[in-house]
Structure formats: C-alpha cells, structure tokens
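# Structural features, examined
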Amino acid sequence: MRYTFKMPSRKETLTVVGITALFLLLTAVCLGLRPEHLLMAFIFLALFFAGIPTRKLAVALLPFFIFGISYDWMRVFPNYEVNPIDVAGIYNLEKSWFGINDNGDLLIPCEYFTLHNWKFADFMAGIFYLCWVPVPIAFGIYLYLKKERSLYLRFAMVFLFVNLIGFAGYYIHPAAPPWYAINYGMEAILNTPGNVAGLGRFDELTGLSVFQSIYGRNANVFAAVPSLHAAYMVIPLYYAIVRKSSKMLIALFAIILVGIWCTAVYSSHHYIIDVLLGIFCALLGIFVFEKGLMKIGGFKRFFERYYNYIK
C-alpha cells in the first residue's frame, strides 16, 4: 500500500468530525464514556486523516465500527424491557430434545459437561472461543489488503447484517444462558452479573484472567438467543469457499467453526438450541444479503459507490 498524504475535502472533514463528536457526546450522556470509546474514535480519526490509503481503510472498516457501537448501545434499552425473559422454557425444551441420562438423572448437555470435563478440552475451548471475533476480522483485513475489495465489502456488510439480525433476536426473545439456570434457578433476576461459566476453567488452567475480564463486564446476560458465537465463523467460511481459498484455510475455518459450536455448549454459555439458531441466523443473513439486498437497485448503487471509494 503506497503512502499518499492528502487532506480530505472540507465536506468530508466536517462530516467525519461532526459524526464522531456526536457519537462521543451521545455516548457520554446515555452510557458514560469509557476508555474504549475514546480509543475507537482516536483510531478512526487517525486513520481517516493520516493519508489516502489509511482513509480508505477507515471507511472500509466502518461495518466493524458500527457493529461494536450497536452492541454497546443495547445497554441503553435492555432487551428485557421489551419482552419477558425466558429461563425455564428454553431449559426444558433443551432437556426434552437433547437431554442426557447420567446415572438416572436427565441432564441438559451443559449440566453434563459441568460435572464431566477434561483439562485438554478446557484448554482447547478457551482457544476456540478467543477466535470468534478476531478470526473473522483478520480474514476481512486479509481480503482488503489482497485488493479483493468487492469481496471484502460483501463480507464486512454481511458480518454487520448478521449481527443486526442477532441483536433483533435478543429483543424478540430475551433468554437466559444455561449457566444462569444452573446457578440461579428459573427466576429471572435483573442486573445479574456476567459469568465466565465453564471458560473459568481455562483461566484457572493458564493462570490468566482472559475470560473473567471479558464476561465480568457483560451488561446483559439475557441475550443467549441466537448464539452469535455460533454464527460468526459461518461467514468467513462461506466467503473463503466463494473465493476458492486454499483447502488448508477452509479446513482451518471449519475446525474453528466446529470448535466454537462445541465450546458454546461445553462451557455452558449456550444451549444446543442457541447454537442451531445462531447457524440459521448466519445463513439467513448471507442469503438475504446476496440474493435479496444485492438485487435491489438502490442498495446495489450504494454498494458500488462504497466500493469505488475504498478500492
């Protein structure tokens, strides 16, 4: 990428600075500013004003910035204020469909793995779960740097679209994760803190506090359906196949994909039902985007303008 310095136009400057300032102001009023908000704004502005190549990268990364902002802003209006929280219903359905008989007791798979777990599985579970966002983003940046900008943009926009579908699912059907039912029973208790659940075994095994630092800050634990953990790796796997990537890369993505699915249940973070709905969410997002939105004239023109800016 050849470095070229050229200031953006006055219109671009005013638009970007104005939107960034508005974002910080609204976040400060509605959520309270945290260091990551300032870091996100700094990274975007630094990339945008550093030069033409980085400006294109900043604009190309907007779907990922919007994803992060959208997730954070769900704190303003929690999903449990829209619909009642499902704790017992999904637990009983999981037991009825996927229950495991353990010495005469019918357990959901998560309960079974809470009682029966293995150090190697605990270690691999942590590794797989750390891949769920970094690997898709790394694949997107790889496509961008390889100059496959059209495919990159389709991938990035589908990633955002699948997230928005998943976020809508959180509001349509607020649901407690399995670790909640195991630890707290069937009554929904608001403001319950996040829990590392089975992933705490990875922290103990490695002597790190990786997942404690992640889940200890979870603002809303009643967002288990669908499992976006299960959805994310479907997207890079699909586009890796579309671009006819190497068999090694496709196999690696498939292994990570299955590993995350298994970890979601093994660690008691998701029911099998959540995982299946997450997979459906990803497939639905890909299908609607590729076969629906990309066929609509107005959206296709927007996509082409976006592509022409970042290519």
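Residues numbered from 1 in each chain as written. Predicted model: local features only at pLDDT ≥ 70, side-chain atom pairs only at ≥ 80, totals over all residues. Heavy atoms only, no water.

With an unreviewed UniProt entry as reference, the protein is termed Inositolphosphotransferase Aur1/Ipt1 domain-containing protein, source organism Bacteroides nordii CL02T12C05. According to the UniProt record, the Subcellular location (unreviewed entry) comment for the protein is "Membrane". (UniProt positions renumbered as here; feature names shortened; annotations may be inferred.)

### Comments concerning the overall build of the protein
Across its full length, the protein carries 17 helices and two strands. Relative to the globule expectation of 19 Å for 311 residues, the C-alpha radius of gyration of the protein, 21 Å, shows essentially globular dimensions. Across its three principal axes, the protein shows a C-alpha extent of roughly 70 × 50 × 45 Å. When the 311 residues of the protein are sorted by exposure, 45% land in the buried category. A total accessible area of about 15600 Å² is found for the protein, and carbon and sulfur atoms account for 68% of it. The protein carries 25 positive and 17 negative side-chain charges, and their two centres are separated by 23 Å. (Helix = DSSP H or I, 4+ residues; strand = E, 2+ residues; numbered from the N terminus. Rg over C-alpha atoms; globule rule 2.2 N^0.38 Å. Buried < 20%, exposed > 50% of the residue type's maximum accessible area, 1.4 Å probe, protein only. Areas by Shrake-Rupley, 256 points an atom, 1.4 Å probe, with all protein chains shown as cover. Lys, Arg positive; Asp, Glu negative; His and termini not counted. Charge placed at Lys NZ, Arg CZ, Asp CG, Glu CD.)

### Notes on the UniProt feature "transmembrane region" (unreviewed entry) in the protein
If you check UniProt for "transmembrane region" (unreviewed entry), the listed places come out as residues 37-52, 57-74, 123-145, 152-172, 221-241, 248-266 and 272-289 in our numbering. Between the end C-alpha atoms of residues 57-74 there is a gap of 27 Å, over a span that is 89% helix and 0% strand. For residues 272-289, the helix share is 100%, the strand share is 0%, and the end-to-end C-alpha distance is 26 Å.

### Remarks on the packing of helix α5 (residues 88-98) against helix α16 (residues 272-291)
Packing of α5 against α16 leaves a shortest axis separation of 9 Å and a crossing angle of 95°. By the angle between their directions, the pair α5 and α16 is classed as roughly perpendicular. Touching I90, L93, E94, W97 and F98 of α5 are I272, I273, D274 and L276, all from α16. Among the residues making up the contact of α5 with α16, the classes are represented as seven nonpolar, no polar and two charged. (Axes fitted to C-alpha atoms, helices over the stretch in contact; angles between N-to-C directions. Parallel < 35°, antiparallel > 145°, perpendicular 65-115°, else oblique. Contact = heavy atoms within 4.5 Å. Nonpolar A, V, L, I, M, F, W, Y, C, P; charged D, E, K, R; others polar.)

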